[in-house]
Structure formats: C-alpha cells, structure tokens
Amino acid sequence: MLGRGSFGTVYEAQWQARHVAVKVIPNVAEAAEPIEAIIGKKLRHAHVVETYSFERNPHKKGEAWILLEFCGGGSLLQAVRKGTFKDAAGRGGFNIARVVGTALEIAQGMDYLHSRDVLHSDLNCSNVLLTTEGAAKISDFGLSRAFCGQTQATETFGTLSHAPPELVGKGKLSRGADVYAFGVMLVELTRGERAYQGLQPFQVMYAKLCADKESYQLTFPEDTPEPLVSLGRACMQRDHKLRPPFPEVVARLQALRSRVATQSREES
Ligand SMILES: Nc1ncnc2c1ncn2[C@@H]1O[C@H](COP(=O)(O)OP(=O)(O)O)[C@@H](O)[C@H]1O
Ligand SMILES: [Mg+2]
C-alpha cells in the first residue's frame, strides 16, 4: 500500500509491464468515469503524474481503478518534514538551490495545467509527489475542473491552509487560487514545516480574512533571497488579479536559479 486518500487506497502494482500506482475507487456508477480520470488522461507533462488508464475491477462490482505513473519518492510533504530542503551544512537555513529547483518544476507543471485550462484546486505539498530521482510531479486531480472565464463559483474546497481569501470568504475559484496555493508552498519549502503549523482551523480562517493582522501572515525565513520573498508575496496577494500567472512565476524562478548557480560558482 502506498497511501490512503479521501476516496480510497492507493497501491503499488505491475500493469502491462509497467510499474504503476493504482488508486482504488469504490462505488463508481456503471457508465460513469470520475472527472479526475477524464482530466488526468488528457494531461502529459514531465512534472505532472501521468494517468495511464481508467479500469473497472472485473471481479468486484462498482469498484474502479485509476492507473497512475508510479512515484517512488513519497510526497513533497514527507520530504519537507524529513528535512530534505534544509541546508546540507547544517547551518539551520534551507538549501536554496534545491528549493528553487523543486519550486520551478512545480511551477512548470502548473503552467502546463493552466495552459490546458485545468485548475488543480487542491495544490499543496501532499499532492506533489517525487520520483525516486527526486523530480516533482503534480498529482491528485480529485478536485480539478475545466476552467472558463476569470473566476467561477465553487462548492468544493481543497485545503484550508492553501486556500486564498476569496475562496475562503466567497467561494470564488480562479487560476489565481492555484497561484496563491503555490505561494504557501514556497513558505513551507523554505521554513521546512507546514504553513500555519499549530493553529486551529478557525485561527487559520481568521488569518486569511483579516488583512490587518500582520502577526498572522505567513512569512519567509530571514535569510531568504529577496527575489524569492517578493515572488512568494506576489503569489499570496489578497487581490487574485494581481497575482503573477504561472508563466511569469516560471520566468522569475528561472532567473533566480541562474543567480543561485552563479553565486555558488563564485563561492567555490
Ligand atoms: N502515482 C503515485 N505514486 C505513488 N504514490 C501515490 C501515487 N498517487 C497517490 N499516491 C499515494 O497515495 C496518497 C493519496 O493519493 P491522492 O491522489 O492524493 O488521494 P486523495 O485524493 O484521496 O488525496 C498520496 O498522498 C500518496 O502517498
Ligand atoms: Mg491528495
């Protein structure tokens, strides 16, 4: 078994000579195919978990399987908790090259999803998986949907800690909601812990909706390079229209990556 989710359980298996993850979904109606599988099958990108197939269990009525590309490196949340992004020298900070590298991969995957008019709607560190080599893959399209227009109303909510104010307050979903969630992930990668760690859900909601409560806002560690801080802040802006779209997020991270590479060459 690989993991347990809100729908069912995910197992490791062999399927048509491929190493796969099988998401078992109970109670799927006869002619229905979950949106998750329909959306997943349309996507193909280096940083998005590939959905190979949707199948029904021939031996168990109602049970269906989503066959997925196997990611052997666990979730990004597990990696954050293990200290994968901490500074190797043990100086207490974080490994900037690793954070920027992983953030860039996620941003590229998200840029691709948005270019295909797909909103993820539940982007967070437990829904990004790692390959055995450590590459990031966006996963779990359980709440994803096709997107049309500037914003749309929603009745389904992803993860509170990663939800932007307009989603918590008004149930409004947009590309900017995924960008906001990405900003929260940048805080988690640099801090090495979950956002709003230790706070109760009501406190998190309060933090989201009360702009003036400086003490509740997510912040980056002191040693974070300025371009990363300003990118994170831009992504988490209250006005969703002011958040940078993913092509810009990708470009800013690429620029930062070159800067980090030059600096480490100069230091050595
Ligand atoms: N492709 C995969 N490769 C390896 N493990 C996976 C894969 N997909 C899911 N898992 C594991 O199963 C867990 C639940 O899967 P997920 O798709 O996030 O379900 P849910 O929609 O219920 O959150 C993940 O956190 C992960 O540990
Ligand atoms: Mg999930």
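Every value quoted in this text rests on a predicted model; they were computed, and no experiment measured them. (Residues numbered from 1 in each chain as written. Chains lettered and ligands numbered in written order. Predicted model: local features only at pLDDT ≥ 70, side-chain atom pairs only at ≥ 80, totals over all residues.)

Asker: What am I meant to see in the sheet that holds strand 4 (residues 51-56) here?
Answerer: Working definition: the strands of a sheet are paired by backbone hydrogen bonds and lie parallel or antiparallel to each other. One open sheet accounts for five strands, arranged 1-2-3-5-4; its pairing is antiparallel. The open sheet is flanked by strand 1 (3-4) and strand 4, the only strands paired with a single partner. On top of the sheet, helix 1 (residues 35-42) reaches strand 4 and strand 5 (64-69); it is set at about 145 degrees to strand 4, its chief contact. (Pairing = 2+ DSSP bridges. Helix = DSSP H or I, 4+ residues; strand = E, 2+ residues; numbered from the N terminus. Contact = placed C-beta atoms within 7 Å. Axes fitted to C-alpha atoms, helices over the stretch in contact; angles between N-to-C directions.)

Asker: What's the story with unusual backbone geometry in this structure? I'm lost.
Answerer: In this structure, Gln16 takes a positive phi of about 45 degrees despite not being glycine. When you line up the elements, Gln16 lands in the loop between strand 2 (9-15) and strand 3 (18-25). Classification of Gln16 as exposed rests on a count of 8 C-beta atoms within 10 Å. We note that Ser121 has phi near 75 degrees; this positive angle belongs to a residue other than glycine. Mapped onto the elements of the fold, Ser121 is located in the loop between strand 6 (118-119) and strand 7 (128-130). (Buried ≥ 20, exposed ≤ 12 C-beta atoms within 10 Å, placed from the backbone.)

Asker: Looking at this model, I keep getting lost on the site of ligand 1. Mind explaining?
Answerer: Around ligand 1 lies a shell of 20 residues, among which Gly3, Gly5, Val10, Ala21 and Asp140 are the nearest. Secondary-structure elements contributing two or more residues to the shell around ligand 1 are strand 3 and strand 5. Across the shell around ligand 1, the residue classes break down as nine nonpolar, eight polar and three charged. When residues are assigned to domains, the shell around ligand 1 turns out to be shared by domain 1 (3-69) and domain 2 (76-267), each giving three or more. (Near = placed C-beta within 6 Å. Nonpolar A, V, L, I, M, F, W, Y, C, P; charged D, E, K, R; others polar. Domains from an automatic or database assignment.)

Asker: I'm lost on the nonpolar core in this one. Help?
Answerer: Grouped burial of nonpolar side chains is what soluble globular proteins tend to show. In this structure, Ala103, Ile106, Ala107, Phe182, Met185 and Val249 are the most contacted members of the largest nonpolar core, which totals 64 residues. Here this core takes 10 residues from helix 5 (residues 175-191), the largest share from any one element. For Phe182, the contacting residues outside a window of four places in its chain are Ile106, Ala107, Met110, Leu123, Cys235 and Val249. (Core = buried A, V, L, I, M, F, W, Y, C linked by C-beta atoms within 7 Å.)

Asker: Which parts of the structure should I look at to understand the packing of helix 5 against helix 7 (residues 226-235)?
Answerer: Packed helices, taken two at a time, are described by the angle their axes make and the gap between the axes. With their axes 7 Å apart at the nearest point, helix 5 and helix 7 run at an angle of 140 degrees to one another. Read as a crossing pair, helix 5 and helix 7 show a hand that is left-handed. Contacts from Val179, Tyr180, Phe182, Gly183, Leu186 and Val187 of helix 5 reach helix 7 at Leu228, Gly232 and Cys235. Of the residues assigned to the contact of helix 5 with helix 7, the class counts are seven nonpolar, two polar and no charged. (Left-handed = near helix turned anticlockwise from the far one by under 90°.)

Asker: Any chance you could explain the UniProt feature "binding site: ATP" (unreviewed entry) in the protein here in plain terms?
Answerer: Under the feature "binding site: ATP" (unreviewed entry), the UniProt entry names Lys23. Mapped onto the secondary structure, Lys23 falls in strand 3. Since 27 C-beta atoms lie within 10 Å of it, Lys23 is described here as buried. Other than its neighbours up to four places away in sequence, Lys23 contacts Gly8, Val10, Trp65, Ile66 and Leu68. (UniProt positions renumbered as here; feature names shortened; annotations may be inferred.)

Asker: Please clarify how the domain arrangement of the protein should be interpreted in this entry.
Answerer: The parts lose accessible area when they come together, and the size of an interface is often stated as this lost area. What the domain assignment reports for the protein is domain 1 (3-69) and domain 2 (76-267). One C-alpha centre belongs to domain 1, the other to domain 2; they are set 26 Å apart. Facing the 12 residues of domain 1 at the interface are 17 residues of domain 2. In terms of residue class, the side of domain 1 that touches domain 2 is built from six nonpolar, four polar and two charged.

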